[in-house]
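In case you want the letters, here they are:
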Amino acid sequence: PVSKHDSEAQIYEVVDNEIIAFGVTSGFAAGTFEIYYKIDGESVIPISVYPYEDQNFDKKVSKYVKKGFRFEGRAGADIKKIGDEYFLSTNLYHEDDANCCPSMLIEYKTKDFKSFIPLKIADNSENPKWKIIK
């Protein structure tokens, strides 16, 4: 981290030697965000960890979330790499959830941060009950 103060920006590795994040936390939900980058040789390339434009992802998840859903950049994502795939987990918001209060959790994977495969979904609770997405 470049800072030890919660209200200052930080840069940190998410996946060793491959993915870094730039994060800012102001103490308010609306002031919190993270931007992710993939290191490719000498290049640092911005990536989206959220499947904003993947229509196949949307179709599959929509079968489990009837009211509509969205991602919020302030939620951040946990990323793990296994083999040549990246596994992500983050909060998922119902269409009518407040920005502070996601009602769901989701896990998905990608190889290229362009197309994503949803794996499982659960309600955001102390003991989430996961449903496998088919």
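For every chain, the first residue of the written sequence is number 1, and numbering continues from 1 along that sequence. Where totals are concerned, whole chains, interfaces and linings use all residues; where local detail is concerned, this predicted model gives features only for residues with pLDDT of at least 70, and gives and counts side-chain atom pairs only at 80 or more. Note that the side-chain values use all heavy atoms of the structure and ignore hydrogens as well as water.

A. Layout of the sheet that holds strand β1 (residues 10–15). When DSSP finds two or more bridges between a pair of strands, those strands are recorded as paired. What counts as a helix is a DSSP run of H or I of at least four residues, what counts as a strand is a run of E of at least two, and both are numbered from the N terminus. The antiparallel open sheet is built from four strands, whose spatial order is β1-β2-β3-β4. The sheet is open, and its two edges are formed by β1 and β4 (43–47), each paired on a single side. Sheet twist, expressed as the average angle between the axes of neighbouring strands with direction ignored, equals 35 degrees. Where strand β2 (residues 19–24) meets strand β3 (residues 33–40), six bridges bridge the pair, whose relative direction is antiparallel. Pairing of Ile20 across the sheet is with Tyr37, part of β3. The angle between two axes is taken between their N-to-C directions and runs from 0 to 180 degrees, where each axis is a line fitted to C-alpha atoms and a helix contributes only its stretch in contact.

B. Up close: the packing of aromatic side chains. Pairing of aromatic side chains here covers Phe, Tyr and the six-membered ring of Trp, requires ring centres within 6.5 Å, and sorts the geometry by plane angle: under 30 degrees stacked, over 60 edge-to-face, intermediate tilted. One pass over the structure, following the stated rule, counts nine aromatic pairs. Plain terms: the ring middles of Tyr52 and Phe71 are 6.4 Å apart, the flat faces sit at 85 degrees to each other, and that makes the pair edge-to-face. Placement of the pair is Tyr52 in the loop between β4 and α1 (55–62) and Phe71 in the loop between β5 (69–70) and β6 (78–82), with a sequence separation of 19 residues. Working definition: with a 1.4 Å probe on protein chains only, accessible area under 20% of the residue-type maximum means buried, over 50% means exposed, and in between means partly exposed. Here Phe71 falls in the buried class, since its relative accessible area comes to 10%. Between Tyr86 and Phe113 the ring centres are 4.9 Å apart and the planes differ by 45 degrees, which places this aromatic pair in the tilted class. Of this pair, Tyr86 sits in strand β7 (residues 85–94) while Phe113 sits in the loop between β8 (104–110) and β9 (116–123), and the two are 27 residues apart along the sequence. Members of the aromatic cluster, connected to one another through ring pairs, are Tyr50, Tyr52, Phe57, Phe69, Phe71, Tyr108 and Phe116. The ring of Trp130 has Lys120 sitting right over it, with the charged end atom 5.0 Å from the ring centre. Charge over a ring is defined by NZ of Lys or CZ of Arg lying within 6 Å of the ring centre and within 35 degrees of the ring normal.

C. Structural context of the pairing of β1. Here β1 pairs with β2 via five bridges, running antiparallel. Residue pairing for β2: Glu13 is matched across the bridge by Ile20. The loop that links β1 with its antiparallel partner β2 comprises three residues; one of these, Asn17, has a positive phi angle of about 60 degrees.

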